[in-house]
Amino acid sequence: MPKPPHPLALELLTPPRPLALELRVHGVHGAPPDELLGDPRTVRITGDSTAAVFRRAADADAEDHPEWYAGRPVVEAYCWSRLTSGNGARALWLLLLPFMVVNLAHWARPATPATGPAPRGVRTYGVLVRVLALSLTLLLIAAACEVSLDLLAWQCAGSAHCTGSRSRLGFLEPGGWWGQPGRRLALGALVPAALTGLLWFLSNRTWSAYESQPPPAGTAVPPAAAGGSPALGRPGFWYGRRIVARLRAAHTAAGLLTVAAAVAVPTARHDRRAGTPALEALGWALEVLLVGGAVAVAWVVCRRGRTEVRADHRLDRAAVTLLPGSALALLAAVLLYAGWSRPGWTSAGRLPGDFAFGTLMLGQGCCVLLLAVVAARLYRSAPDPATALYGLGGPAIAMLGCALGGVMSGGVAQRVADWLDGAGAPGPGGVPLPAPPVLLSWQAAVLPPLLLVLALVAAWFAVGGIRARRRLAAGVAAEYPGEPPDEDRSRRIAGARAAAALTDSAPWFVAAVSGITLLLGAGALAGAWISGRVPGEAARGAHPLLETAARAAQDAGSWLIGLGFVLFVTWGRRAYRDPAARRTIGVLWDVGTFWPRAAHPFAPPCYAERAVPDLTWRMTGWTGRTGGCLVISGHSQGSVLAAAAVWQLPPQVRRRVALLTYGSPLRRLYGRWFPAYFGPGPLRALHGDVDCWRNLWRSTDPIGGPVLAATRDTTGPAAPAAPAAPAAPGSPAAAAGSVDRGPLADPLAYGRSARHPLPAPILGHFDYQADPAFAAERDALLVRLAGPARRARSAGPTPSGATPAVPAPRVSKEPAEPEDPPGTAG
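Description of the structure in this document. (Residues numbered from 1 in each chain as written. Predicted model: local features only at pLDDT ≥ 70, side-chain atom pairs only at ≥ 80, totals over all residues. Heavy atoms only, no water.)

Scanning the protein from terminus to terminus reveals 28 helices and ten strands. Burial analysis of the protein (826 residues in total) assigns 54% to the buried set. Within the protein, counting contacts between residues at least 6 apart in sequence, those at least 24 apart form 81% of the total. Accessible surface computed for the protein: about 34900 Å², of which carbon and sulfur atoms make up 66%. (Helix = DSSP H or I, 4+ residues; strand = E, 2+ residues; numbered from the N terminus. Buried < 20%, exposed > 50% of the residue type's maximum accessible area, 1.4 Å probe, protein only. Contact = heavy atoms within 4.5 Å. Areas by Shrake-Rupley, 256 points an atom, 1.4 Å probe, with all protein chains shown as cover.)

Estimated volume of the second largest pocket: approximately 1100 Å³. Lining the second largest pocket are 37 residues, and of these Leu138, Thr258, Ala261, Ala356 and Leu360 lie nearest its centre. Elements represented by at least two residues in the lining of the second largest pocket include exactly α4 (120-156), α9 (241-274), α10 (277-303) and α12 (353-381). Counting residues per element, the lining of the second largest pocket draws most heavily on α4, at ten residues. For the lining of the second largest pocket, a count of residues per class yields 27 nonpolar, six polar and four charged. (1 Å grid on protein atoms, 1.4 Å probe; cavity = no way out; pocket = protein on both sides within 12 Å on 5 of 7 lines; lining within 4 Å. Points joined across faces, edges and corners; volume = space filled by probe spheres on them. Nonpolar A, V, L, I, M, F, W, Y, C, P; charged D, E, K, R; others polar.)

With that settled, the discussion passes to the nonpolar core. Among the nonpolar cores identified, the biggest contains 117 residues, and Tyr78, Phe594, Trp595, Met619, Ile632, Leu641 and Phe678 are the most heavily contacted of them. Broken down by element, this core gets its largest block of residues, twelve residues, from α4. If we skip the residues at most four places from it in the chain, Met619 touches Leu23, Leu630, Ile632, Ala645, Val646, Leu649, Val653 and Val657. (Core = buried A, V, L, I, M, F, W, Y, C linked by side-chain atoms within 4.5 Å.)

Each regular strand carries side chains that alternate between the two faces of the sheet. Buried residues dominate strand β1 (residues 20-25), accounting for six of its six residues. Of the two faces of β1, the one lined by Ala20, Glu22 and Arg24 and the one lined by Leu21, Leu23 and Val25 are each fully buried. Sheet topology note: the β1/strand β6 (residues 629-635) ladder contains six bridges and is parallel. Residue Val25 lies in a different strand from β6, and its bridge partner there is Gly634. The pairing of β1 with strand β4 (residues 74-79) spans five bridges and is classified as parallel. Looking at β4, one finds that Leu21 is bridged to Val74. (Pairing = 2+ DSSP bridges.)

Taken across its eight residues, helix α14 (residues 438-445) has eight buried, putting it largely inside the fold. Among the residues making up α14, those that are buried are Val438, Leu439, Leu440, Ser441, Trp442, Gln443, Ala444 and Ala445.

This next bit is on the packing of aromatic side chains. Tallied over the entire structure, the rule returns 25 aromatic pairs. When the ring of Trp107 is compared with that of Tyr677, the centres are 5.2 Å apart and the planes differ by 70 degrees; the resulting orientation is edge-to-face. Taken as a pair, Trp107 in helix α3 (residues 97-107) and Tyr677 in helix α25 (residues 675-678) lie far apart in primary sequence, 570 residues in all. When sorted by exposure, Trp107 lands in the same class as Tyr677, which is buried. Seen in terms of ring centroids, Trp595 and Phe674 are 4.9 Å apart; in terms of plane orientation they differ by 50 degrees. Their pairing is tilted. Remark: Phe674 occurs in the loop between α24 (666-673) and α25 and Trp595 occurs in the loop between α20 (579-594) and α21 (608-626); sequence separation between them is 79 residues. Across the pair, exposure class does not vary: Trp595 and Phe674 are buried alike. The positively charged end of Arg272 is found above the aromatic ring belonging to Trp284, 4.5 Å away from the centroid. When the ring centre of Tyr337 is taken as reference, the NZ or CZ atom of Arg342 above it lies at 4.8 Å. (Phe/Tyr/Trp six-rings, centres within 6.5 Å; stacked < 30°, edge-to-face > 60°. Lys NZ or Arg CZ within 6 Å of the ring centre and 35° of its normal.)

This part is about the packing of helix α7 (residues 190-209) against α9. Close contact between α7 and α9 brings their axes to 9 Å; oriented N to C, the two are set at 175 degrees. The angle between α7 and α9 places the two elements in the roughly antiparallel class. Contacts between α7 and α9 involve Pro192, Ala193, Thr196, Trp200, Ser203, Asn204 and Trp207 from the former and Arg241, Val244, Ala245, Arg248, Thr252, Gly255, Leu256 and Val259 from the latter. The residue inventory of the contact of α7 with α9, partitioned by class, reads eight nonpolar, five polar and two charged. (Axes fitted to C-alpha atoms, helices over the stretch in contact; angles between N-to-C directions. Parallel < 35°, antiparallel > 145°, perpendicular 65-115°, else oblique.)

Encoded structure:
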């Protein structure tokens, strides 16, 4: 019988275990590196002051001494919080919230069948969202024109009562060189034109920093197979350089043309009444050019959507350069035309703003309804009951974006009108200033009833939460066997679970807000067009109760809009300085800025277009250089970034990478609201591509939840004080490929005991790494990865003696390819 080999000989014959790495990605709370790593002494391994990878100082040279890390991984932390926060000036991005919301509507379209070409409905959906986004830009610039041209240059400057009390406006009084209405309009047009230029500048600067960074070459599925792969795995998904440049040019031109139209229309109308042939002909020519410019803008916006099947490095030079340049030249011609001397011209009444704002509002309502029809048809092609609002989440979000734009623009106009009118109330007849368009007063008047209805809806959900807490409290103590029941403790735990469950009711709350807003908006538009007067004047002579209610709603709405605007900016500024306040609104804000700017180029920039390539480069480069295995662990929004980065990895790298998510909104939020990208199909595909994936969740977590409900794992602890061990390699659970482990016990202990002498806190969404399940699952993932990694390592060295590894990633600089079909990704 052969003699067994000596253990030392076995050790010498066995290849050394490769180095293991855990790459942690934080969530929206933006934990600093010392908190993520649990060590105050950290060093930056790679990156800059905006986003970087950190390690403990003792682990800085871990690759040189892999023998020191036998049985434990090297821990890194990717910190990306400064991509979405910074100094207080970042709060100005909140002023672009309507643009961000309508951009979200693009990504909230229903999922489509996995097989077959992209349906025509996807392209129609994308066109409608881009048209809505364009209307919001027009609304913003129209509101600036209303303040600068109508209220100041036309109404106030034409009234001695208004300019007499404001010495700074005295040079605009009739009789002086600037006293002619055309010249005043030309001067006032500089303000909205400058606002348009500011939006172009901000978008161009962020475009250079985010969208124009080329992605790694060859780190995703091949372009030939990209059409049938999950969207987030396509090579061009995080490279929106072309679409943002084209939309930026179109929206900039639209803003400049809006300013030009606001000046040219009243000027040309006066020339036609005055009967000056030369100026009348010039006015007609300019108006024809304005219409032609509007058609060109609409063509650029509607013709082409995103390109995702490849990294598209081209730019539409004609649209990017000629369109805004021509619009600027046309605006300059209009200002010169308006500045021509017209003696005897006086300003009276209002500029034709009622028609402009009414047309915009009507067009937005029709677009939202058409979007709902298209979304419903798309949903029927691939129904999923878990999708928010049965596929109508995108139209509901778009409706909220339009409502926010209307409230913010109308609020500014109302506040400026109140300031100019002094003690008077803008709107009633006989006052010195006719005030802003009647429609804006109606929009303000519907705000109090809207808030009242929303309060009733919120109360309904609150009552439901209280009932759920009472129902859950009865069974809490039974989950902790051997512990004496404590009614107060059970109520607190049940209250945390009931509050967390309210997240699942958010779609219906959004549906209520959107539906009520649509109905009240339609009523406001009808009231403004039928009566032609502000609500208080339109109700005069009616029942005293109705007249009082209309007057109160008009006054209260005006003040509520102004107060809400101030509170909005103040709270936003605080959120970027106070981490606690940031946690309150950070979830919604980071969800909004996670998505590329596919519909609105003036929306806040997409931080994922920097963060996802960062993570892809790090994982590909590290595994290729060391031949080791890697666990990327993401908390909350970090889990979304981690999943998006894993999707972008080439197959040979993905085999060395495991995914550990905790407190993850992948299914609960993203899967419900963005089913085309995070629905059951894409998540199951990700699970098939990444066999080593585990997800931890708690029932007290209002954000995180299971990611694959069909394979939900309940291997969590039967007794909360003693969590169950993770599925070991080769066990039935591992063979079945289960992903979710939960709900984890929260709190870990019900009452005081020898093991937990002090009350255990209810952790909810935070401190998953404090749970023993975290380390157990991470170690189990590394063990599963080590098997194939060691086999690949023992397959034999390369000629140079190095471990076989994937090539380092290169910057994507593919040559231009043939033109792709318009609207490839909607």
